[in-house]
Amino acid sequence: MEGSAIRLRDLRKSFGETTAVAGIDLDISDGEFFSMLGPSGSGKTTVLRMIAGFESPTSGEIELAGQEVTGLAPFERDVHTVFQDYALFPHMTVEQNVAYGLKVRKVPKPERLVRARKALADVRLEGFGRRRPGRLSGGQRQRVALARALVGRPRVLLLDEPLGALDLKLREQMQVELKAIQREVGITFVFVTHDQEEALTMSDRIAVFNQGRIEQVGTPAEIYERPATPFVAGFVGTSNLLEGQSARQVVGAPGTYSIRPEKIRVLKESAEADEPEHSTATGTVAEVVYLGDATRFLVDLDAGGRLTALQQNLETSSEDVAAYRGTRVRLQWHRRHTFKVPDPR
Amino acid sequence: MTTTAQAAGRSPVRRLAGTLHRHPRLRLSLLLTAPLLWLAVLYLGSLAVLFVSAFWTTNSFTSEVVKVWSTDNFHALFTTPVFRQVILRSIGVALAVTVLCAVIAFPVAFYTARIAKPKWRPLLVVAILTPLWASYLVKVYAWRLILSQGGLADWMLKPFGMSGPGFGLLAAVIALTYLWLPYMILPIHTALEQLPASLLDASADLGGRPARTFRSVVLPMVLPSVAAGSVFTFSLSLGDYITVQIVGGKTQLIGNLVYSNIELNLPMAAALGTVPVVVIVLYLLAMRRTGALSSL
């Protein structure tokens, strides 16, 4: 078993009347790519800022590598942060920015320069050292921030929505690069995001935050395929829940069930139900959303409730799928893709 | 055409607005004419007249201006010991006032911009500005009272076995520092207030203790604003002559020399008057290198 890089014990934080973090216990292993996923205001950034030392917890404990750091200032912790707005020093060159942490730690100048250049090369920014941050693009700034945080070889790297300001193409590219860099340097990454796809793409494990608490911790597959609470089912992936009457009728038992949209096939109403391996339900197509590579069908079930089904456009064109609007269909999915969602507390 | 027919149907005001919208150059020239005229005729014009008249001389019996080209006045500026002394003293006073203002303004601005609770900040800024509401003369005479023999300064320093500075060069520097301090505090306050908190976090995150963060991040980022404030304090001090007259005792600055020459030797006064203009232009050029002018 690998050691714990970060250990949080009953961590709480209130700002005046409002509770931002309402009791969190978490263990993050050494060398792990760990994501904190949640909507804005769910407390994930506050937890990150408490690990970095920018906020002090109202109560609870923070351990870094087995050492209690709860009362320590940011400059006393072996943790570096990549900020959402990058927080590059505008009056310094790129190289000076990257070397700043080393300079503060009194690393001799020649070594400092070598390491800063190496760090810039690692994020593919050779030759940019003399420029000012103001003259770089968003993606380049992001990588300078990454180089600056990595050059000191911290035990843990905290990333606060670092890809939020980038456009989609660049974001997807950076997701792959970030993961590759993390594998290369072997440092524990704690990544805060509200983008479920980002979290699923990069993480070894994910903690889903809601209203200052953790709803579920698990691998991307566990989170996606076996959501532990209705909130997780709704936040990660498309909300597709069967509840109450419709659950009883379609699944055959009471409770709340989750089915992922891409598992559901849209068939003609007259199609034979392929039981007993499959669940099936009839309904009317309320809306058709053409997505290019796929189409999303919103179907109002006869049993009550609404399910979303996602179909790849393998052979259908946009006109074909548009014709589905208002028609009667039969939805069918394999029983093993139906998951019972535990009842909320 | 339809467009003209439509145009004819509209009110004159709308037609004018439309014309202006279609002709951006016309719009620009209308906007700029008045201020440009003001600048060119009143300001640059009077400066040119000043500069030209500095090359004239006077009839030494009648004090009448003789319009004969000569560089004697400028020659006298650099060779007459009194003139040289006064010029250097004036620049020295302006620099001293600027440094004092910066040293006092920084902690004040740091408090109003970053330490005070956000809801109090606008109020504190207003408080800093209130001295500017009072008349310049009232404030300088107040300082005359404070610094006079047996005045407030003497009374307060007496328990320590000291006495106030009295009237003189030091008194002039103190009064000028008081007068121009708000012009230094405001730009520094603005710069400190706009300093992103994440930069301070980033510095601490990378291991920088508060003193290092201040030296390496806060100070360099606020320095252009200090330079911007210094443009005010420096040029206002260099041009002042009333404060010196009231609290400066026998001290003379350039302004006083201009004032005393204006009746007897107008060209000499003009030559003296060009000195602060030149010094301030040089100062502005020096400050431009720090980026101060873009943060004004």
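Predicted, not measured: the structure shown is a model, and the values here were computed from it. (Residues numbered from 1 in each chain as written. Chains lettered and ligands numbered in written order. Predicted model: local features only at pLDDT ≥ 70, side-chain atom pairs only at ≥ 80, totals over all residues.)

Chemist: For this particular structure, what's the right way to read the overall build of chain A?
Modeler: In terms of helices and strands, chain A carries ten helices and 18 strands. Within chain A, the proportion of its 345 residues that are buried is 40%. In chain A, once contacts between residues fewer than 6 apart in sequence are set aside, the share between residues at least 24 apart is 65%. (Helix = DSSP H or I, 4+ residues; strand = E, 2+ residues; numbered from the N terminus. Buried ≥ 20, exposed ≤ 12 C-beta atoms within 10 Å, placed from the backbone. Contact = placed C-beta atoms within 7 Å.)

Chemist: How do you make sense of the environment of Ala40 of chain B when you look at a structure like this?
Modeler: Residues and elements named next belong to chain B. Its location among the elements puts Ala40 in helix H3 (residues 24-53). A tally of 11 C-beta atoms within 10 Å means that Ala40 is categorised as exposed. With 153 residues separating them in the primary sequence, Ala40 and Glu193 have C-alpha atoms 37 Å apart.

Chemist: Where do I start with the sheet that holds strand S4 (residues 59-64) of chain A in this structure?
Modeler: The strands making up a sheet associate through hydrogen bonds between their backbones, and the pairing can be parallel or antiparallel. Residues and elements named next belong to chain A. Ordered in space as S2-S1-S4-S5, the four strands form an open sheet in which the pairing is antiparallel. The strands lining the two open edges of the sheet, one partner per strand, are strand S2 (18-29) and strand S5 (67-68). Bridge count for S4 against S5 is two bridges, and the pairing is antiparallel. By the bridge assignment, Leu64 is partnered in S5 with Gln67. Along the sheet, helix H1 (residues 44-52) contacts strand S1 (4-15), S2 and S4; its crossing angle with S1, the most-contacted strand, is approximately 115 degrees. (Pairing = 2+ DSSP bridges. Axes fitted to C-alpha atoms, helices over the stretch in contact; angles between N-to-C directions.)

Chemist: Explain helix H10 (residues 197-205) of chain B to me, please; I cannot follow it from the model alone.
Modeler: An α-helical turn contains 3.6 residues, so a residue and the one three or four places further along point in the same direction. Listed in full, the buried residues belonging to H10 of chain B are Leu199, Leu200, Ala202, Ser203, Ala204 and Asp205 of chain B. Those residues of H10 of chain B that are buried lie in contact with H1 and strand S6 (79-82) of chain A together with helix H11 (210-239) of chain B.

Chemist: Looking at this structure, I do not really get the nonpolar core. What am I missing?
Modeler: Nonpolar side chains in soluble globular proteins generally cluster together in the buried interior. In this structure, Ile51, Ala147, Val190 and Val208 of chain A together with Ala175 and Ile188 of chain B are the most contacted members of the largest nonpolar core, which totals 142 residues. For this core, the element with the highest residue contribution is helix H9 (residues 169-194) of chain B, accounting for 16 residues. Residues in contact with Val190 of chain A, not counting those within four places in the same chain, are Ile6, Ile28, Phe34, Met36, Leu48, Ile51, Val156, Leu158 and Leu159 of chain A. (Core = buried A, V, L, I, M, F, W, Y, C linked by C-beta atoms within 7 Å.)

Chemist: Looking at this structure, how should I read the pairing of strand S17 (residues 328-334) of chain A?
Modeler: Taken residue by residue, a regular strand's side chains alternate between the two faces of the sheet. Residue and element names in this part refer to chain A. Here strand S13 (residues 265-268) pairs with S17 via four bridges, running antiparallel. Within the sheet, the bridge partner assigned to Lys268 lies in S17 and is Val329. Sheet topology places strand S14 (residues 278-290) next to S17; seven bridges connect them, and they run antiparallel. Pairing of Thr280 across the sheet is with Gln332, part of S17.

Chemist: Is there a simple way to think about the interface of chain A and chain B in this case?
Modeler: Accessible area lost on assembly of the parts is the figure often given for the size of an interface. The interface is formed by 17 residues belonging to chain A together with 15 residues belonging to chain B. If you list the elements that add at least two residues to the side of chain A that touches chain B, you get S6 and helix H2 (94-104) of chain A. Take the side of chain A that touches chain B: its biggest share by element is three residues, from H2 of chain A. Residues belonging to the side of chain A that touches chain B are distributed by class as follows: ten nonpolar, five polar and two charged. (Nonpolar A, V, L, I, M, F, W, Y, C, P; charged D, E, K, R; others polar.)

Chemist: Quick question: what am I supposed to make of the domain arrangement of chain B here?
Modeler: Residues and elements named next belong to chain B. Per the domain assignment, the segments of chain B are domain 1 (2-53) and domain 2 (74-295). Between domain 1 and domain 2, the C-alpha centre-to-centre distance is 38 Å. With four residues of domain 1 at the contact, the number on the domain 2 side is six residues. Grouping the amino acids of the side of domain 1 that touches domain 2 by side-chain chemistry returns three nonpolar, one polar and no charged. (Domains from an automatic or database assignment.)

Chemist: Explain the packing of helix H7 (residues 136-147) of chain B against H9 of chain B to me, please; I cannot follow it from the model alone.
Modeler: The relative placement of two packed helices comes down to the angle between their axes together with the axis-to-axis distance. Residue and element names in this part refer to chain B. One way to put it is that H7 packs onto H9 with a least axis distance of 10 Å and a crossing angle of 140 degrees. Here H7 is positioned oblique relative to H9, judged by the angle of their axes. The way H7 lies across H9 gives a crossing that is right-handed. Contacts between H7 and H9 involve Lys139, Val140, Trp143 and Leu147 on the former and, on the latter, Ala171, Ala175, Tyr178 and Leu179. Each residue belonging to the contact of H7 with H9 can be placed in one class, and the counts come to seven nonpolar, no polar and one charged. (Parallel < 35°, antiparallel > 145°, perpendicular 65-115°, else oblique. Left-handed = near helix turned anticlockwise from the far one by under 90°.)

Chemist: In this structure, what is going on with the sheet that holds strand S18 (residues 339-341) of chain A? I would like to understand it.
Modeler: Residues and elements named next belong to chain A. If you trace the three strands from one edge of the open sheet to the other, you get S11-S12-S18, paired in antiparallel fashion. Of all strands in the sheet, those bounded by a partner on one side alone are strand S11 (241-242) and S18. The pairing of S11 with strand S12 (residues 256-258) spans two bridges and is classified as antiparallel. Considered in S12, the bridge of Leu241 is made with Ser258.

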